[in-house]
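Residue-level structure breakdown
For reference, the chains in residue letters:
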Amino acid sequence: MVRTLGLTQLTMIGIGAIIGAGIFSLAAAVARDVAGPAVLISFLVAGAASLCAAFAYAEFAGMVPKAGSSYTYCAAVLGEIVGWIVGWDLLLEYTAIVAVVAIGMSGYLGFLLEAVGIHLPAWALGAPGTGAGHRIDLLAVVICLGVAWLLTRGTRTSARVETVLTIVKIAIVLLVIVVGFTKVDSNNLQPFAPFGLGGAFTGAATVFFAVFGYDALSTAAEESLEARRKLPKAMMRSLAVSMVLYVLVCVVLTGMQHYSEINPKSGISSAFQSVGLSGLANVIAVGAVIGIVTVTFSFMMGASRLWYALSRDGLMPAWFGAIHPKRKVPHRATWLIGAVSAVLAGVLPINAVAELTNIGVLLAFVVVSASVLLLRYKKPHLKRGFRCPGMPVVPVLGIAFSVWLMSFLQWETWVRLGCWLVVGLVIYAAYGYRRTRQVMPGGSVDLDALDDMSESDEAEPAPVP
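What you see is a predicted model; the values in this text were computed from it and never measured. (Residues numbered from 1 in each chain as written. Predicted model: local features only at pLDDT ≥ 70, side-chain atom pairs only at ≥ 80, totals over all residues. Heavy atoms only, no water.)

Remarks on the overall build of the protein
- A count of helices and strands for the protein gives 18 helices and zero strands.
- Relative to the compact-globule value of 23 Å for 465 residues, the protein shows a C-alpha radius of gyration of 21 Å, a close match.
- Counting every position in the protein, which comprises 465 residues, the buried fraction comes to 59%.
- Pairs at least 24 residues apart make up 84% of the contacts formed inside the protein by residues separated by at least 6 positions. (Helix = DSSP H or I, 4+ residues; strand = E, 2+ residues; numbered from the N terminus. Rg over C-alpha atoms; globule rule 2.2 N^0.38 Å. Buried < 20%, exposed > 50% of the residue type's maximum accessible area, 1.4 Å probe, protein only. Contact = heavy atoms within 4.5 Å.)

Structure (structure tokens):
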């Protein structure tokens, strides 16, 4: 791969991954069905848990400038099989996140099409069971495949598009906040927690994936300039900016419209329409489409880089991780993830996919937080571009928060995750265990050897044939 991403582009990729479906779609669904105005608490709790894990990720990113994110970190500290389990888990989760945000985007895109008089047939409006006559969410399918095409154009080109779209998205979110606060009615915020604090905590477990985009960001380590220094900074900056915007938008959304009347598919646009600002509602819908494209971009990029890392290390066939000779991206993995996410987005409802996503992400957070805690005491001499503060309290809090949020998820979600992990263990036993010993006899990451990596090794772009 080619190192082309600087701090600004990395930060924009992080913000692009965090701000999207959480603000424009999932916040509305959680407010109406689970938490009411206390969706604000849902995001604050999820953000606190995410921050504890973010510190652990930042320490690893400043120490292990390799593609693969959680998989690479856990394999380096806890061994190959743990790394494989986490990597296999996240391969599904990243792909599912792409599907979730594509479903969220299709609601706003449909809102826009109706505004200009274009009405899709009922069979193309959503997954089976989400409405009368629904057979497939056609717009979500098109979104997934379109983002896959963009990502195969090359890292530099797609990152520039991502940066521009993220700037536009932030501008529209700020517009929502500034104008929305003038239309907030405090009566709409009563009762604040109609489903009790339990509903707010359940909402936190549901929206958690919306506040952890820095995980996908860390998969771009081998395409980052000075990854040890810049990746941790980009993670912290993107999470800080995103949480401030999340909190303000939650207040606007539930203050403009009573939670029971919020449209779960196009919440913010519908709220503005309800107070007589239909023109602005259309502008917001455009921003939502742009915003959610950036999330889809970031997580599909993360999934393809993770698949590349697994294939390079021999845990999956090398064919999947092949790099395009001209564009220097894992094109086969990208197209496969685009196709699978398109199927998930087309035929599954958003809540089922979101819960499946969250349990896998929370599991990865538990393992990464435990790994950074263990490594700090096993190998304190290793070079670290960032050090997790408050050791050992912060990683322990990250573990506790994650396990606690997992307890609020439905039992069916646990069963689905268990089945997926069993399939992964079968693949590891039948293929990965033997093959990886031919590809990397010494292990995927030699932590001590990374101390010998100079800054120039990370800073200089690789030559392009």
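Points about the packing of helix H3 (residues 39-61) against helix H10 (residues 227-256)
- Axis separation between H3 and H10 bottoms out at 10 Å; the angle between their running directions is 180 degrees. Here H3 is positioned roughly antiparallel relative to H10, judged by the angle of their axes.
- Its residues assigned to classes, the contact of H3 with H10 shows 21 nonpolar, three polar and one charged. (Axes fitted to C-alpha atoms, helices over the stretch in contact; angles between N-to-C directions. Parallel < 35°, antiparallel > 145°, perpendicular 65-115°, else oblique. Nonpolar A, V, L, I, M, F, W, Y, C, P; charged D, E, K, R; others polar.)

A few points about the pattern of salt bridges
- For the structure shown, the criterion picks out six salt bridges.
- For Glu59, the salt bridge goes to Arg376, with nearest N and O atoms at 2.6 Å. Here the residue Glu59 occupies a position in helix H3, and Arg376 occupies one in helix H14 (residues 350-378), the gap between them amounting to 317 residues.
- Of the charged contacts in the structure, one is a salt bridge between Arg384 and Glu59, with a shortest N-O distance of 2.8 Å. In this pair, Arg384 sits in the loop between H14 and helix H15 (393-406) while Glu59 sits in helix H3, placing the two residues 325 residues apart along the sequence. Taken as a pair, Arg384 and Glu59 share a single burial class, namely buried. (Salt bridge = Lys/Arg side-chain N within 4 Å of Asp/Glu carboxyl O.)

Comments concerning H15
- With 14 residues, H15 extends 20 Å from end C-alpha to end C-alpha; this agrees with the ideal 20 Å at 1.5 Å per step.
- What H15 keeps buried is the set Val394, Pro395, Gly398, Ser402, Leu405 and Met406. Viewed along the axis of H15, the buried residues span an arc of 110 degrees, placing them on a single side of the element. (Expected span 1.5 Å × (residues − 1). Arc of directions from axis to C-beta.)

Some words on the packing of aromatic side chains
- Counted according to the given criterion, the structure contains 13 aromatic pairs.
- When the ring of Phe43 is compared with that of Tyr246, the centres are 4.7 Å apart and the planes differ by 20 degrees; the resulting orientation is stacked. Highlighted residues: Phe43 in helix H3 and Tyr246 in helix H10, separated in sequence by 203 residues. This pair shows no difference in class: Phe43 is buried, exactly as Tyr246 is.
- Judged by centre distance (6.4 Å) and plane angle (50 degrees), the rings of Phe401 and Trp404 are tilted. With Phe401 and Trp404 both in helix H15, this residue pair falls three residues apart, about one helical turn. (Phe/Tyr/Trp six-rings, centres within 6.5 Å; stacked < 30°, edge-to-face > 60°.)

Here's the deal with the packing of helix H5 (residues 80-115) against helix H12 (residues 278-312)
- The N-to-C vectors of H5 and H12 enclose an angle of 160 degrees; their axes lie 8 Å apart at closest approach. By the angle between their axes, H5 is roughly antiparallel relative to H12. Of the two elements, H5 crosses H12, and the hand of that crossing is left-handed.
- Each residue belonging to the contact of H5 with H12 can be placed in one class, and the counts come to 28 nonpolar, six polar and no charged. (Left-handed = near helix turned anticlockwise from the far one by under 90°.)

Re the environment of Trp84
- Looking at the secondary structure, you find Trp84 in helix H5.
- With a relative accessible area of 0%, Trp84 lands in the buried category.
- The spatial distance from the C-alpha of Trp84 to the C-alpha of Lys379 is 22 Å, given a sequence separation of 295 residues.
- Among all residues touching Trp84, those that are not within four sequence positions of it are Tyr71, Leu310, Leu315, Met316, Gly424, Leu425, Ile427 and Tyr428.
- A polar contact of 2.9 Å, which involves the side chain of Trp84, links it to the backbone oxygen of Gly424. (Polar contact = N/O pair within 3.5 Å; in protein donor to acceptor, adjacent residues only side chain to side chain.)

Observations regarding a nonpolar patch on the surface
- A surface patch of nonpolar side chains, about 280 Å² in accessible area, is lined by Trp123, Leu138 and Val142.
- Mapping Val142 onto the fold places it in helix H6 (residues 138-151). (Patch = residues over 30% accessible without salt bridge, like charges linked within 9 Å, V, L, I, M, F, W, Y side chains within 5 Å. Areas by Shrake-Rupley, 256 points an atom, 1.4 Å probe, with all protein chains shown as cover.)

Observations concerning the environment of Ala227
- Its location among the elements puts Ala227 in helix H10.
- On the basis of relative accessibility, which here comes to 0%, the residue Ala227 falls in the buried class.
- Considering only alpha carbons, one finds Ala227 and Leu7, 220 residues apart in sequence, at a separation of 9.0 Å.

Quick notes on the nonpolar core
- Ile23, Phe24, Phe60, Phe208, Tyr214 and Ile268 are the most contacted members of the largest nonpolar core, which has 144 residues in total.
- In contact with Tyr214, other than residues within four places in its own chain, are Ile18, Ser50, Ala53, Ala54, Tyr57, Met235, Leu239 and Phe365. (Core = buried A, V, L, I, M, F, W, Y, C linked by side-chain atoms within 4.5 Å.)

Quick look at H3
- Look at H3: 31 Å from first C-alpha to last across 23 residues, which is about the 33 Å you get at 1.5 Å a residue.
- For H3, a buried count of 19 out of 23 residues is recorded, marking the element as mostly surrounded by other parts of the structure.

Brief notes about unusual backbone geometry
- The step from Gln190 to Pro191 runs through a cis peptide bond, and the omega angle for that step is -10 degrees.
- Within the secondary structure layout, Pro191 lies in the loop between helix H7 (155-181) and helix H8 (196-207).
- Residue Pro392 follows Met391 across a cis peptide bond; omega there is -5 degrees.
- One can find Pro392 in the loop between H14 and H15.

Points about the environment of Ala288
- Assignment of secondary structure puts Ala288 in helix H12.
- A sequence separation of 269 residues divides Ala288 from Ile19, and the C-alpha atoms of the two residues are 9.8 Å apart.
- Not counting chain neighbours up to four residues away, the residues in contact with Ala288 comprise Phe24 and Tyr108.

Here we look at the state of the cysteines
- Inspection of every chain in the model, using the stated rule, returns zero disulfides.
- Just so you know, Cys52 is unpaired, no disulfide at all, and the nearest cysteine sulfur is the one on Cys388, 8.2 Å from it.
- There is no disulfide at Cys250, and the cysteine sulfur nearest it, in Cys52, is 20 Å away. (Disulfide = S-S within 2.5 Å.)

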